[in-house]
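Residue-level structural notes
This is what each chain is made of:
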Amino acid sequence: MSEEFSSKLKQTFEDIRTMKVRGAGRIARAAVAALRDEIFYVSDSSPEEFYKRMQAAANFLKSSRPTAVSLPNGINTVIKSIQKGIAQGLDLKSLKEYVAKEAETFIQKSIEAQKKIGEIGTKRIVNGDTILTHCNSQSAISVIETAFKEGKQIKVFVTETRPRFQGRLTAAYLADHGIDVTLIPDTAARLYMRKIDKVVVGADAIAVNGAVVNKIGTSQIAALAFESRTRVMVAAETYKISPQTYWGELIEIEMRSPYEVAPKSWLDKHPRIKVMNPAFDITPPQYIDFIVTEKGIYPPQGIIMLFKELYELA
Ligand code: RI2
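An account of the accompanying structure is given in this report.

Procedures and definitions
Residues numbered from 1 in each chain as written. Predicted model: local features only at pLDDT ≥ 70, side-chain atom pairs only at ≥ 80, totals over all residues. Heavy atoms only, no water. 1 Å grid on protein atoms, 1.4 Å probe; cavity = no way out; pocket = protein on both sides within 12 Å on 5 of 7 lines; lining within 4 Å. Points joined across faces, edges and corners; volume = space filled by probe spheres on them. Helix = DSSP H or I, 4+ residues; strand = E, 2+ residues; numbered from the N terminus. Nonpolar A, V, L, I, M, F, W, Y, C, P; charged D, E, K, R; others polar. Domains from an automatic or database assignment. Buried < 20%, exposed > 50% of the residue type's maximum accessible area, 1.4 Å probe, protein only. Pairing = 2+ DSSP bridges. Right-handed = clockwise from strand over helix to strand, strands pointing away. Contact = heavy atoms within 4.5 Å. Arc of directions from axis to C-beta. Near = heavy atom within 4 Å. Polar contact = N/O pair within 3.5 Å; in protein donor to acceptor, adjacent residues only side chain to side chain. Areas by Shrake-Rupley, 256 points an atom, 1.4 Å probe, with all protein chains shown as cover. Sits in = over half its atoms within 2 Å of the grid points.

The next thing to look at is empty space enclosed by the protein. Unoccupied space between atoms shows up once a probe the size of one water molecule is rolled over them. Considering all chains together, one arrives at 3 cavities of 30 Å³ or more under this definition. Taken together, 25 residues make up the lining of the largest cavity; nearest its centre are R22, G23, A24, N136 and D204. Breaking the lining of the largest cavity down by element, the ones donating at least two residues are helix 2 (24-38), helix 6 (138-149) and strand 6 (212-215). Sort the elements by how many residues they give to the lining of the largest cavity and helix 2 lands first, with 4 residues. Within the lining of the largest cavity, the residues separate by chemical class into 7 nonpolar, 11 polar and 7 charged. Two domains each provide a minimum of three residues to the lining of the largest cavity, namely domain 1 (2-116) and domain 2 (125-310). Of the pockets and cavities examined, the second largest cavity occupies roughly 60 Å³.

Counting buried positions along strand 2 (residues 155-159) yields 4 of 5 residues, so the element is predominantly enclosed. Where strand 1 (residues 130-133) and strand 2 come together, 4 bridges link them in parallel fashion. Note that in strand 2 the partner of T130 across the bridge is K155. Following the backbone out of strand 1, through helix 6 and into the adjacent parallel strand 2, one traces a crossover that is right-handed. Where strand 2 meets strand 3 (residues 180-184), 5 bridges bridge the pair, whose relative direction is parallel. Within strand 3, the position partnered with V156 by the bridge is V181. Each parallel crossover has a hand, and the one from strand 2 via helix 7 (residues 166-176) to strand 3 is right-handed.

Now for the environment of I196. Tracing the backbone shows I196 in the loop between helix 8 (189-192) and strand 4 (198-201). With relative accessibility at 5%, the residue I196 sits in the buried group. Placed 66 residues apart in sequence, I196 and T130 show a C-alpha to C-alpha distance of 5.1 Å. Once residues lying within four places of it in the same chain are set aside, the contact partners of I196 are T130, I131, L132, F157 and T230.

All of the buried residues along helix 7 are Q166, G167, T170, A171 and L174. Looking down the long axis of helix 7, one finds its buried residues gathered within 145° of arc, a one-sided arrangement. The elements touched by buried residues of helix 7 are strand 1, helix 6, strand 2, strand 3 and strand 6. Immediately beyond the C-terminal end of helix 7, within one or two residues, lies G178, with a positive phi of roughly 90°.

Turning to the site of the ligand, a few remarks are in order. Taken together, 18 residues are adjacent to the ligand, and R22, D204, N214, K215 and K240 come closest. Between an oxygen atom of the ligand and a side-chain N or O atom of R65, the distance comes to 2.8 Å. In this structure, an oxygen atom belonging to the ligand sits 3.4 Å away from a side-chain N or O atom of Q166. Coverage of the ligand by the protein chains reaches 100% of its 450 Å² of free accessible surface. Judged by the proximity of its atoms to the pocket grid, the ligand belongs to the largest cavity.

Here it is, written out as C-alpha cells:
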C-alpha cells in the first residue's frame, strides 16, 4: 500500500512513528507539510483521482501515532480543502495550487498559535514565580519564554520525563536561553511541589469535557499540584481539541515499546516480567485551573463552548 507514496512522505511517517519528530504541534505540521509536498508527486488524471490518492496518503500518515489529535486535525484540513476545491469545480492544476496554499496556511497558523499562547499565557505568570513543567511542549515553553523575555524573574523546575527523557530537551532549551532551570527526577515532583507557584504543561489532546491527554506523568503532577493548591495551566492550540469526544468516543492512548522502559537484554533474562509503557495519561478537568489557547484562556469546563464555536455547532 505505502509503495504508492513518495519516499519523502514515507520518511515523515517513519520520523513521526519513531519520535524523531515529536511534540503534538510539530507532528501535525510535519504531516501537513508532507501532504503539501505529496500534492505535486501524485500523478493523476482527474480531481477525483487526486482526492483518492491524497486520502490514502492522509490515512497512512494518521496511522503513524494514535493519540495527538493535532495530527488528524491538521491532516483533515488538507482533505477538507480538496473536497471544497472539487465542490467549487476547480480543475486539477488550480485544485492542487489551492490545496497547497491551504496546507501552508495551516502550518503558519500553527506557528502563530504557539506564539499567541505565549503572549496570552504570560499574563498569568507573575514576577518571582517558580514554574514546574513536564516533558517538552513548545506551547508550554512559549509561555515560559515569553514571561522571561518580558523581564519576569522566574525559575523553572523540569521533570526528566521518563522513559524518553524529553525533559532534558526542555531543560537544555530554557537554560540555553538564560532561564534558571533545575532538572528533577519525575519521582521528586511531590517533594518540590511546595516550591512551585504554577505548573505549566502542554497537551496532545483535549476532550470536550476539559480533560487533558498529555505525556505520561502529567496527571500525577496535576494531582500533586491540586493537593498543594498549586495552579495548573495547560497551554494548547485549539486544534488539539478532539472532535470525536463530542460524540462520546475516547482518545486512544499510545502504548510504546517495553524496551523504552528496560533494555531488551535485561527483559530477556526475566521473561516473567510484563511491561506496560503508555505514552500519555489523562488529567481530569478538576485538576486543571485553566487552558490557554490562541483564542484566549478557558476553564476546562469552558472547552465545550469553545469547541461548539470552532465547529459552528452553537
Ligand atoms: P507541543 C508531546 O508528546 C508531549 O506530551 C507534549 O506535552 C505534547 O506533545 C505537546 O507538545 P510526544 O510527541 O505541541 O513527546 O506543545 O509524545 O509542542
